[in-house]
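If you want the building blocks of each chain, they are given just below.
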Amino acid sequence: MNYRIRSAFALFILIFGCTTRSPEETPFKSSLFQYDAEIDGIIEQMTLEEKVDMLHGKTMFTSAGVERLGIVDLKYADGPFGIREELQPHGWMPLGWELDKATFFPTGSALAATWSKEIAYKYGTGMAREARLRGKDMILGPAINIQRIPTGGRTYEYLSEDPFLSSELSVGYTKGVQDNGAAVCLKHFALNNQENNRGTVDVIVDERTMREIYLPPFKAAVQEADAYGVMSAYNKVNGWWCAENDVLLNQILRDEWGFGGMVISDWGGTHSTVESVTHGLNVEMPDDKFMGPALLDSVKSGAVSEEVINKRVREILRVRKAIAPVPEEEANQVMTSQPEQQQIAYEVACKSIVLLKNEGVLPLDLSGKPTIAVIGDNATRIMGSGGIGAGVKTLYEITPLEGLKSKIGDKAELVYSQGYVPVELDYARIFGNKPKEQIEKEDREKAILNKKLNTEAVELAKKADVVLFFGGNNRAVETEANDRENIFLPSGQDELIREIAAVNPNVITVLVSGAPNDLNTVEPASKALLLSWFNGTEGGNALADVLLGNISPSGRLPFTLPIKLEDSPAYALGNYPQGQKKGDVFVGLVEETDKDITGENTGDNKNDPNKAYYSEGSLVGYRWFDTKELPVMYPFGYGLTYTTFEYDGLTSDKEEYGADDVITLSFTLKNSGSVVADEVPQVYVHRINPSVEWPYKELKGFSRTTLEAGEQKTISLEIPVKNLRYWNEETHNWENDLCDIELLVGASAGDIKLNKKVSLK
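The structure presented is a predicted model; accordingly, all values stated were derived computationally and were not measured.

Criteria and thresholds
- Residues numbered from 1 in each chain as written.
- Predicted model: local features only at pLDDT ≥ 70, side-chain atom pairs only at ≥ 80, totals over all residues.
- Heavy atoms only, no water.
- Patch = residues over 30% accessible without salt bridge, like charges linked within 9 Å, V, L, I, M, F, W, Y side chains within 5 Å.
- Areas by Shrake-Rupley, 256 points an atom, 1.4 Å probe, with all protein chains shown as cover.
- Salt bridge = Lys/Arg side-chain N within 4 Å of Asp/Glu carboxyl O.
- Helix = DSSP H or I, 4+ residues; strand = E, 2+ residues; numbered from the N terminus.
- Buried < 20%, exposed > 50% of the residue type's maximum accessible area, 1.4 Å probe, protein only.
- Axes fitted to C-alpha atoms, helices over the stretch in contact; angles between N-to-C directions.
- Parallel < 35°, antiparallel > 145°, perpendicular 65-115°, else oblique.
- Left-handed = near helix turned anticlockwise from the far one by under 90°.
- Contact = heavy atoms within 4.5 Å.
- Nonpolar A, V, L, I, M, F, W, Y, C, P; charged D, E, K, R; others polar.
- pLDDT = per-residue confidence, 0-100.

For the rest of this paragraph, the subject is a nonpolar patch on the surface. On the surface, Tyr-427, Ile-430 and Phe-431 cluster together to form a nonpolar patch covering roughly 330 Å² of accessible area. With respect to the secondary-structure elements, Tyr-427 resides in helix H15 (residues 427–430). Overall, Tyr-427 belongs to the partly exposed group, its relative accessible area being 44%.

The following block contains the structure:
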């Protein structure tokens, strides 16, 4: 046996072993299996060539049906936060149509900041409606990978650092889409947690971490929402490309979870013929490099059985049967206005905005017609597109400045200054095609212009009663295919806000970002601080309503905001970025050895940038900061409102619980302020005397609740004891850790209001 193959096989067995189902788990069976009898009759009529033709892309965003049998092509809608414009059949250039505009929904981290399954369902509903108007069958979303690193290029697309929150929202999004006639394609399966080297990196992860942190959102969407599609990720997991990973695609996804749908590759993410089709890939996108003529030859030579081909075709046809094709005459309708979808976008945006700080300056006081200086490029920046990858050609997008002008009218004088030169996407720089001399010349010119804009902004701030500073990132800073080097505010924003605060202390900062930023400068310089995300078509209107007090802010952080990037787990352990030097010493190692985790000496250097070691295990996000007792800038789940809430009287229905029981806890929540607002009580579980290692606490329940001023409600939440199990790597099963636990109820991971001890027996 080839040495590399032998080593990979040993790694495969060590990490995964067998993947038997826990005996107490009720097997899930997808509704898609109902079509099998009919599909078997169709497959009998198909030629081998017709079958193989279904297993690869036909155009950039379609895969083939069988016209003579009435099987219509599958049409994919690039997402996941709006239906992408139409592209050329075999390229990435737009067709230039006018009828392919769409609603820009707030991006993934904004949706997650709502902490609402119900809003996630509405979000999916809106996406499905517009997909069907454009004749699409499957939405390439939701994007549900865990936000492992604050610098991740697609953090803005993903939902959360927490698997439970991500799972709940993934289920809502999936149900919303599929209840409205389209299929989802969950992405990116699995462990696609970085963009740098995403097409080459091999994720080395233990099975317990994978099962407890990175797979739960996918499992929940499959078993609780019957997801019809999954997209395999670009990366490898423990030595195997995701598009040909038998453990992920067959053993876990299909055999264990009961998935009945189809798996498509990420675009250009297929690497083999025989392994891909036998290990569970249904469709190679967007072309036929591996699963076209090469696959046909493999069947004819006996390398692949026709039964495997039939299985892959059957899985595609199940989805085709479940999703009715849109008649040609109804597809590609002119998109002019979609009030229902735009109302959904507005609601998501309103409920996602996170108020981090407020020293009594919000809501804005417009009495006396104040002069408000609006400073910052992000006040006028369009965020529906701008980075590499999917974007939205928007029907419209209300910027923050437009929203303020519309809502304020003549009640205040608004004056605007750009403030700083924004980062723009420069492909020539990215791909090394721009001469050094030209780069240096452009940087000098940019620095001169930035200084000029800074000076103008400071002069404007001097004359204003209030400054609204719009900072943060943009879609060129946060982009697919590239992780950020750091989390500092770009374009010299820290220096600018220092200068502004020196001449006007009444600074309200709005960060327009989809991912964490370093707040060490902006936080003390601001009387109020908000995070407003890449917040979609109606983002400017939603923000204005929050700033003016028309609605109370109610978003909660879906990730931790660290004091500094180096505190976060993958950075603190040197696991990311891989292969970097710190002085004369390489970091990025779990152990200083050239042996892989099978114990064999591979000769590989563990500093390889194409190896990602997840040695932090389950200590991702707040789990790390809590367990290591590290301070943070703002904790996971944090967010202020314009009122105050009181928590009281935590009770549980029992004191002891068996393995099959459900913990029901109740407490009283009171709005003790003067305005209506939403609160998001969160329930965490802390193990007191466990038999295995755990993070200090884990989120296991939450509920978004609206309360009128002075109103009081009893909040009840349920936690099935089976949701407290751990993955035993020796038995390859979910098992109970029967111990005493503490139920922690609070307003965030850092603000626990109530606690109660119960026992698992």
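What follows deals with the packing of helix H14 (residues 400–408) against helix H19 (residues 539–548). The relative placement of two packed helices comes down to the angle between their axes together with the axis-to-axis distance. Taken N-terminus to C-terminus, the directions of H14 and H19 make an angle of 55 degrees; their axes are 7 Å apart at the nearest point. Between H14 and H19, the angle is such that the two are oblique. The handedness of the crossing between H14 and H19 is right-handed. Here Pro-400, Gly-403, Leu-404, Lys-407 and Ile-408 of H14 lie close against H19, whose contacting residues are Gly-540, Asn-541, Leu-543, Ala-544, Asp-545, Leu-547 and Leu-548. Classifying every residue of the contact of H14 with H19 by side-chain character gives seven nonpolar, three polar and two charged.

On to unusual backbone geometry, then. That bond from Lys-187 to His-188 is cis: its omega, 0 degrees, falls within 30 degrees of zero. Structurally, His-188 is set in strand E5 (residues 183–189). Backbone torsion omega between Met-285 and Pro-286 reads 5 degrees, so that peptide bond is classified as cis. By secondary structure assignment, the location of Pro-286 is in the loop between helix H10 (274–278) and helix H11 (293–301).

A separate point is the confidence of the model for the protein. Of all residues in the protein, 93% have pLDDT values of 70 or greater, and the mean over the chain is 93. When pLDDT is averaged over each helix and strand of the protein, the minimum, 24, is found for strand E18 (residues 585–586) and the maximum, 99, for strand E11 (residues 354–358). Taken together, the stretch residues 1–24 has pLDDT below 50 and engages in 58 contacts with residues farther than four places along the chain or on a different chain. In this model residues 580–605 is a low-confidence stretch, pLDDT under 50, and it forms 55 contacts with partners more than four residues away in sequence or in other chains.

Moving on: the pattern of salt bridges. Within the structure shown, the criterion is met by 55 salt bridges. Its salt-bridge partner being Glu-86, residue Arg-134 comes within 2.8 Å of it at the nearest N-O pair. Of the two residues, Arg-134 is situated in the loop between helix H5 (117–133) and strand E4 (138–140) and Glu-86 in the loop between strand E3 (74–78) and helix H4 (108–113); the sequence distance between them amounts to 48 residues. Comparing Arg-134 with Glu-86 shows no difference in burial state: the two are buried. Between Lys-136 and Glu-86 there is a salt bridge, and its shortest N-O distance comes to 2.9 Å. Residue Lys-136 is located in the loop between H5 and E4, and its partner Glu-86 is located in the loop between E3 and H4; the two are separated by 50 residues in the primary sequence. The exposure class of Lys-136 is buried, given its relative accessible area of 9%.

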